[in-house]
Amino acid sequence: MAENGTDCDQRRIGMIKEQHNGSFTDSSLLNERKRRDREERLNIVLWRQPLVTLQYFFLETLINLKEWTIKLWHRRSVLVSLLLILAVLTATYYVEGTHQQYVRYMEKKFFWCAYWVGLGILSSVGLGTGLHTFLLYLGPHIASVTLAAYECNSVNFPEPPYPDQIICPDEEVEGSISLWAIISKVRLEACMWGAGTAIGELPPYFMARAARLSGAEPDDEEYQEFEEMLEHAETAQDFASRAKLAVQNLVQKVGFFGILACASIPNPLFDLAGITCGHFLVPFWTFFGATLIGKAVIKMHIQKLFVIITFSKHIVEQMVSLIGAVPRVGPSLQKPFREYLEAQRLKLHHKQDGGAPQGENWLSWMFEKLVIAMVCYFILSIINSMAQSYAKRLQQKMYSEEKTK
């Protein structure tokens, strides 16, 4: 009897081991398959598979349009209300009256703010990549206003949106321009851009929150990396993993002020903060309020101060002098910088009724081409990301069909 009982126990232990080994093998095969599928998706780009990429992009666009149409139909009462408000605003815009001066003022302000909010959203949301609009648009804008303020000794040139070029006012102002005056001049644009970046951080939060509430396993690489990081939190050794864990612990334990601290400094890991807040069901206004204050107020003032101080008159002159001190290539590099600064000064004192200064500096030509190249790359990255998203749909459909068999 004892021997028979021992044999039964051994068989049961063997069966348990086989089941465990089988599930482990299945899990390993599944992870390997997912890794191959991910690599296959990453190869769907315009410069490798142009026809397939364009086909998948158009199909994904049609699917998104269908999904948005269905969502709008389910919220048709809200849509009708918005259309009624739009009709009232349109009538107010076109009907003549004394209110038109206020309408024109509000129109100018609205489009100026919407422009910078849109650039901020593009900087943090790009379907897998962002357009670095601070370096391409906001930073140069603050720099041009700073140079104009020091050259004109005033900030009384036209308020935003500026004409094609900033013109110094006719009256001469005595004294020196203050740092606070320049900060106030660019505050609206900077805060709107910061608000746009805060809005762009919402998708990771909503994705993680929806996954936690539904209990479903999302097929999102960032969220899967986040869950793997939580599982292996105690064994993390490399710097990147420890930095991610530090952000996650700060947000989870400190709450509002932890999110505020992460949003107030240039932080490439802030997407992780959004995923953490969504995963642990942090209230929306706690997350968005802290993000908005951090990015649109604190962080933007830090970035503004850095650009304004960097492009103040005496520092720019010192930088040009230091360029000339570089052996061999210094003088040749110094010349175009001096010509560019001189051309900018002439533009600031040039009146609109006269002829424009002729000639174009190669630095401005290079910057224009850089902006065009960055925008083209951003558009290509969106096409590639949407094509890869459609490929992911096909792979998910294949997985679901295999499960039902």
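Refer to the preceding data block for the structure.
All of these numbers come straight from a predicted model, not from anything done at the bench.

Draft legend 1. Structural view of the overall build of the protein chain. Scanning the protein chain from N- to C-terminus turns up 16 helices and zero strands. Here the protein chain holds 405 residues, and 33% of them are scored as buried. If you take every contact in the protein chain between residues at least 6 apart in sequence, the share linking residues at least 24 apart comes to 71%. Here the protein chain has roughly 25,800 Å² of accessible surface; of this, 64% comes from carbon and sulfur atoms.

Draft legend 2. Seen up close, the packing of aromatic side chains. Applying the stated rule across the entire model yields 16 aromatic pairs. Here the aromatic rings of Phe284 and Trp285 are separated by 5.0 Å at their centres, their planes lie at 75°, and the arrangement is edge-to-face. Taking relative accessible area as the criterion, Phe284 reaches 24% and is therefore assigned partly exposed. Under the relative-accessibility criterion, Trp285 is labelled exposed at 63%. Ring centres of Phe284 and Phe288 lie 5.6 Å apart, and the angle between their planes is 10°; on these two criteria the pair is classed as stacked. Here Phe284 and its partner Phe288 are both found in helix α13 (residues 284–310), four residues apart, which amounts to about one turn of the helix. A network of ring pairs unites the aromatic residues Tyr205, Phe206, Phe284, Trp285, Phe287 and Phe288 as a single cluster. Here Arg76 stacks its cationic end above the ring of Trp73, 4.4 Å away from the centre of that ring. Here the basic side chain of Arg104 rests over the ring of Tyr93, its NZ or CZ set 4.6 Å away from the ring centre.

Draft legend 3. Broad picture of the nonpolar core. By size, the foremost hydrophobic cluster in this structure holds 24 residues, and its most contacted members are Trp116, Phe134, Leu138, Ile142, Phe157, Trp193 and Met300. Of all the secondary-structure elements, those providing two or more residues to this core are α4 (100–124), α5 (133–152), α6 (179–185), α7 (187–200) and α13. Among the elements that line this core, the one with the most residues is α5, at eight residues. With residues up to four places along the chain from it excluded, the contact list for Trp193 reads Trp116, Leu119, Gly120, Ser123, Thr133, Phe134, Leu138, Met300 and Gln303.

Draft legend 4. Structural detail: the environment of His141. Summarising the element assignment, His141 is placed in helix α5. A relative accessible area of 11% means that His141 is categorised as buried. For the pair formed by His141 and Val307, sequence separation is 166 residues and the distance between their alpha carbons is 9.9 Å.

Draft legend 5. Structural detail: the environment of Ala211. Following the sequence through the fold, Ala211 ends up in helix α8 (residues 202–214). Considered as a pair, Ala211 and Gly278 are 67 residues apart in the sequence and their alpha carbons are 8.6 Å apart.

Draft legend 6. View of a nonpolar patch on the surface. Together, Leu250, Val254, Phe256, Phe257, Ile293, Val297, Ile298 and Ile302 make up an exposed nonpolar region whose accessible area comes to about 650 Å². Those elements that place two or more of their residues in the nonpolar patch are α10 (239–254), α11 (256–263) and α13. No other element matches α13, which puts four residues into the nonpolar patch. Summarising the element assignment, Ile302 is placed in helix α13. With a relative accessible area of 47%, Ile302 lands in the partly exposed category.

Parameters at a glance
- Residues numbered from 1 in each chain as written.
- Predicted model: local features only at pLDDT ≥ 70, side-chain atom pairs only at ≥ 80, totals over all residues.
- Heavy atoms only, no water.
- Helix = DSSP H or I, 4+ residues; strand = E, 2+ residues; numbered from the N terminus.
- Buried < 20%, exposed > 50% of the residue type's maximum accessible area, 1.4 Å probe, protein only.
- Contact = heavy atoms within 4.5 Å.
- Areas by Shrake-Rupley, 256 points an atom, 1.4 Å probe, with all protein chains shown as cover.
- Phe/Tyr/Trp six-rings, centres within 6.5 Å; stacked < 30°, edge-to-face > 60°.
- Lys NZ or Arg CZ within 6 Å of the ring centre and 35° of its normal.
- Core = buried A, V, L, I, M, F, W, Y, C linked by side-chain atoms within 4.5 Å.
- Patch = residues over 30% accessible without salt bridge, like charges linked within 9 Å, V, L, I, M, F, W, Y side chains within 5 Å.
- Salt bridge = Lys/Arg side-chain N within 4 Å of Asp/Glu carboxyl O.

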